[in-house]
Amino acid sequence: MLEIKSLTKSYGDVLALDHFSLELKKGEVLGLLGPNGAGKTTLISILAGSLRDFTGGVSFLGKDLFSDRSLKNRMGIVPQDMAFYEELNAADNLLFWGGLYDVPRADLKKRAAEILEMVELSGRSKEPVKNFSGGMKRRLNTAIGLLHKPDLLLLDEPTVGIDVQAKVSILDLIRKVGAAGTGVIFTTHQLAEVEDTCSRIAIMDRGRILAQGTLVELIRLVGEKDIVEITGEFAAAAFSEALVDLDGDGVELLSASDNQAALAVSDTDRIPKILDRLFRRKLAVTDLKIKTPNLEAVFLKLTGRSLRD
Amino acid sequence: MTMKTLKRILHIAGNDLRIMVSDKVYFFWSLAFPVLFIVLFGLLYKGGGNGPAVAELTVVNRDQGRWGAYFLEKVKSPGVEIKAVDEEPEAYNRLLVLPADFSAKIEARAAQSLALKKREDASTEAAARVEARLFQAIARVISELVLYGEGDLLKFWDGHPEFRELVRVKTRFPENTVTVVPGGFDHSIPGATVQFIMMMVMIYGGVTVMEDRKKGVMGRMLFSPLSTGGLFQAKLLGRWAMGMIQALILFVVGKVFFKLDLGNVRLSLLVIAVFALAMAALSVFIGSLVGKEDLIIGLAVLLANVFAALGGCWWPIEVVPAGVRQAGMISPAYWAMDALHKLRFFQGDFAAILPHLGVLLGLSAVLSGLAARYFKIRD
Ligand SMILES: Nc1ncnc2c1ncn2[C@@H]1O[C@H](COP(=O)(O)OP(=O)(O)OP(=O)(O)O)[C@@H](O)[C@H]1O
Ligand SMILES: [Mg+2]
C-alpha cells in the first residue's frame with residue numbers, strides 16, 4: 001500500500017533522512033522508534049506534503065504520492081502539535097476538519113459522532129476545546145486525522161506529554177484503526193507503547209532504519225542474553241577500558257556514557273567478574289539492574305543510545 | 001478552479017467568520033465602538049449646520065443710484081446680517097462690493113458681475129448661505145423690474161432672455177463644494193464604516209492568520225487536498241467577508257437608527273467591497289510578517305486611525321485646507337470616503353467614482369501580490 005523508496009533529506013549539513021526506505025501493508029501498525037533527531041518528524045512531514053527539497057520517491061495505493069493531490073483524501077495525518085481551533089467545540093472541530101476532505105456532509109456528521117465515541121469525548125463534544133485537559137486535546141487531535149476514514153494514518157508522537165489514561169485510550173484507538181484495515185505509522189520514544197500496540201516495529205536513527213520486524217524478531221537480535229544496567233561514578237572511556245578483556249567472553253558492551261552503561265551478558269554469573277574489574281579500577285557503582293532481553297536492549301545495541309523519556 | 005476547491009475555500013472562509021462573530025468582545029468592537037464614532041462625529045460635523053447661525057456679510061455700497069440700497073434690502077434676512085462699510089476693510093468674513101454704476105447698468109439693462117469674496121478659513125457653509133441669498137435677491141429685483149415694467153412675468157422671460165443674465169455673482173469657491181459640505185450621519189456612518197473595516201479586518205484578520213500559522217492550523221489544512229493557493233484565497237476571502245460584515249452591520253444600524261442615506265446603495269457597496277478587498281490583503285500580509293499579537297493590534301489601531309483621520313473618516317475632508325486634503329490621498333480611506341461623498345453629496349454616478357475604484361483596485365492588486373508573495377503557512 002505504501003512504499004517509501006530511498007528518501008533523502010538534508011537541512012544544510014544535517015542529514016535528516018538518509019536513503020530511508022520502508023514498506024507498509026494494509027492494516028499494518030508500524031511503530032517507528034527513534035531517539036531525538038532521528039528524523040521521524042522529517043519523514044512524516046515529507047509524507048504529509050509539508051516538506052520539499054528531498055530526493056527519493058513514495059508510492060501510495062499504486063500511485064506517486066506527490067503527483068496526485070486527491071490521494072490526500074486517503075491519508076490521515078496527526079501532527080505532533082495540537083493543531084485545531086480552541087474556540088470551537090470538539091464536534092465543530094471535527095466537522096470543520098473533516099469538511100476539508102471530499103466527504104459528503106451527512107456521512108461526516110455520522111462519522112464525527114462515531115469518532116467522538118471512540119476517543120471517549122462524546123459527553124463533552126459541545127464544550128469549547130479550550131476547557132479540555134491535555135489528554136482530551138490529544139485525543140481530539142488524533143480523532144481529527146481519522147475523520148475521513150483514511151487508508152493510511154500517520155501519527156507523530158501521539159502520546160507525548162499526556163496522562164496514562166489518555167495514552168491508553170490513544171493506543172487503543174490505533175490498534176482498532178489497524179484492525180479495521182487502515183495502515184498506521186506512528187513515531188514514538190516510548191518502548192512500552194510499541195511493544196504492545198504494533199504489528200511491526202522499526203528502529204531508526206540518523207535518518208535510517210537500523211532494524212525492523214516483530215517484537216520477537218527484534219529481541220532475537222540481542223540473543224538469549226540478559227541486560228545489565230550499571231549506574232555509578234565513572235567516565236565512559238574508563239568504563240569501556242575496564243571491561244575490554246571481558247569483551248567476547250559472554251559480555252557485550254551495549255552503551256557506555258558517563259555514569260551510565262548497559263551490557264548484554266550471556267549469563268548472570270558474569271556479573272561478579274564485571275564488578276571486580278570496575279572495583280579494581282576504583283570505578284564506583286551505585287546501582288545495578290538485571291533485565292531480561294527486551295526492546296530497550298535491542299535499541300541500545302543498535303543505536304548505542306537510550307531513548308528520551 | 002474546481003467545485004471541490006471552491007467548496008473548501010468557502011468552508012475555511014466561513015469558519016473564520018464564524019469564529020470571529022462568536023467572540024464575545026467582537027460586538028463591542030464592531031458595533032458599540034463604531035456607533036460612538038458615528039454619534040460623535042455626526043454631531044460634531046452636523047449636516048447643513050456647521051456654519052454660524054447668522055452669516056455676516058460686509059458690504060461696500062459704491063452705487064450712485066437707487067438700486068444698490070434696494071438690492072441690499074432684499075439680501076437682508078434672518079440668516080444674513082449686512083454690515084455696511086464705506087471702504088473695503090482689511091478683515092472680513094465675506095465681502096460684497098456694489099460698483100458705482102450698479103444702478104446705471106441695471107437701468108441700461110446691461111449685464112454686470114458682482115464679486116463675493118470669502119476669507120479663506122471662513123465657513124464655507126455660511127458663504128454658501130450668503131450666496132444663495134444673493135441669488136434670491138437678484139431674482140427678486142429682476143422680477144420686480146419685470147413686474148413693474150411689462151406686467152406678465154412668464155411671457156417676459158420668453159421675450160427677454162438678456163434679463164436672466166442681468167446680474168451674475170462670481171464666487172471663488174471651488175466648483176461643486178459651494179453649496180454642500182458633507183456632514184451629519186450620512187458622513188459619519190460611512191466614515192466609521194471605513195475606519196472600522198480597516199481596524200477589524202487588520203486586527204481579527206491579521207491576528208488569526210498569525211495564530212493559525214503558529215498553532216500549525218494552516219499547516220494542517222494542507223494535509224487535505226487543498227493547495228497553498230487555495231488556502232491563500234480562503235484567507236483572503238474570509239477577511240474580505242469580515243470587512244463586508246462590518247459594513248453591513250453599520251449600514252443597517254445607520255439605516256434603522258440614523259436614517260442613513262448613502263445616495264446610491266449599490267455603488268456605495270461596490271466602493272466598500274473593493275476597499276475591503278485591499279484591507280483583506282493587507283491583513284494577510286501583516287499576519288504573515290508579524291509574529292506577535294500585540295504588535296499586530298498596535299499596528300492595526302495605528303494604521304486604521306491615521307488612515308481614518310487623513311482620509312476624511314472623522315471630519316469631512318472638504319473642510320480641511322487643500323494641502324492636507326492632498327496629503328490625505330496617501331490613505332486608502334481617502335479614496336473610499338471621497339467616492340462615498342461623491343455618491344451621497346455631489347450627485348456622483350459610476351463615472352464619478354471610477355478613478356476611486358481604479359485606485360482601490362490597484363491597491364488591492366499590489367497588496368494581494370505582496371500578501372501572496374510573503375504568505376507564511378508555517379513558522
Ligand atoms: N527546520 C530544520 N532546520 C534545520 N534542521 C532541522 C530542521 N528540522 C529538523 N532538523 C534536523 O534534522 C534532524 C531530524 O529531525 P527530526 O525533527 O526529524 O527528528 P525527530 O526524530 O522527529 O526528533 P524528535 O524525537 O526530537 O521529535 C535533526 O538533527 C534536526 O536537528
Ligand atoms: Mg519529532
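From a predicted model like this one, the values you see are computed outputs, not experimental measurements.

## Side note on the domain arrangement of chain B
You can read the domains of chain B as domain 1 (3–48 + 182–374) and domain 2 (55–163). Between the C-alpha centres of domain 1 of chain B and domain 2 of chain B the distance comes to 48 Å.

## Regarding the packing of helix H1 (residues 3–21) of chain B against helix H9 (residues 228–258) of chain B
Residue and element names in this part refer to chain B. The interhelical angle for the contact between H1 and H9, taken along N-to-C directions, is 40°, at an axis separation of 8 Å. By the angle between their directions, the pair H1 and H9 is classed as oblique. Between H1 and H9 the crossing geometry is right-handed. Residues Ile-9, Leu-10, Ile-12, Ala-13, Asp-16, Leu-17 and Met-20 of H1 touch H9, and the partners they reach there are Gly-230, Leu-231, Gln-233, Ala-234, Lys-235, Leu-237, Gly-238, Arg-239, Ala-241, Met-242 and Ile-245. Broken down by class, the residue content of the contact of H1 with H9 amounts to 12 nonpolar, 3 polar and 3 charged.

## Side note on the side chain of B:Asp16
Within the secondary structure layout, B:Asp16 lies in helix H1. Residue class for B:Asp16 comes out buried when judged on its relative accessible area of 6%. Residue contacts for B:Asp16: discarding those within four places in its chain leaves A:Tyr85, B:Asp212, B:Lys235, B:Arg239 and B:Met242.

## Overview of the sheet that holds strand E13 (residues 260–265) of chain A
All names here are of chain A. The sheet built from 4 strands is open, its strands ordered E12-E13-E11-E14 with antiparallel pairing. With partners counted over all chains shown, the strands left at the sheet margins are strand E12 (251–257) and strand E14 (284–291), one partner each. Sheet twist, expressed as the mean angle between neighbouring strand axes with direction ignored, is 20°. Bridging between strand E11 (residues 226–233) and E13 involves 6 bridges; their strand directions are antiparallel. If you follow Val-228 over to E13, its bridge partner there is Leu-263. Strand contacts of helix H9 (residues 271–280): E11, E12, E13 and E14, with the helix running at about 160° to E14, the strand carrying the most contacts.

## Comments concerning the layout of surface pockets
Residues and elements named next belong to chain B. By volume, the second largest pocket is sized at about 510 Å³. Secondary structure elements with two or more residues in the lining of the second largest pocket: H1, helix H7 (185–214) and helix H11 (293–311). Of all the elements, H7 adds the most residues to the lining of the second largest pocket, at 5 residues. Class assignment of the residues belonging to the lining of the second largest pocket gives a composition of 10 nonpolar, 3 polar and 8 charged.

What counts, and where the lines are drawn
Residues numbered from 1 in each chain as written. Chains lettered and ligands numbered in written order. Predicted model: local features only at pLDDT ≥ 70, side-chain atom pairs only at ≥ 80, totals over all residues. Heavy atoms only, no water. Domains from an automatic or database assignment. Axes fitted to C-alpha atoms, helices over the stretch in contact; angles between N-to-C directions. Helix = DSSP H or I, 4+ residues; strand = E, 2+ residues; numbered from the N terminus. Parallel < 35°, antiparallel > 145°, perpendicular 65-115°, else oblique. Left-handed = near helix turned anticlockwise from the far one by under 90°. Contact = heavy atoms within 4.5 Å. Nonpolar A, V, L, I, M, F, W, Y, C, P; charged D, E, K, R; others polar. Buried < 20%, exposed > 50% of the residue type's maximum accessible area, 1.4 Å probe, protein only. Pairing = 2+ DSSP bridges. 1 Å grid on protein atoms, 1.4 Å probe; cavity = no way out; pocket = protein on both sides within 12 Å on 5 of 7 lines; lining within 4 Å. Points joined across faces, edges and corners; volume = space filled by probe spheres on them.

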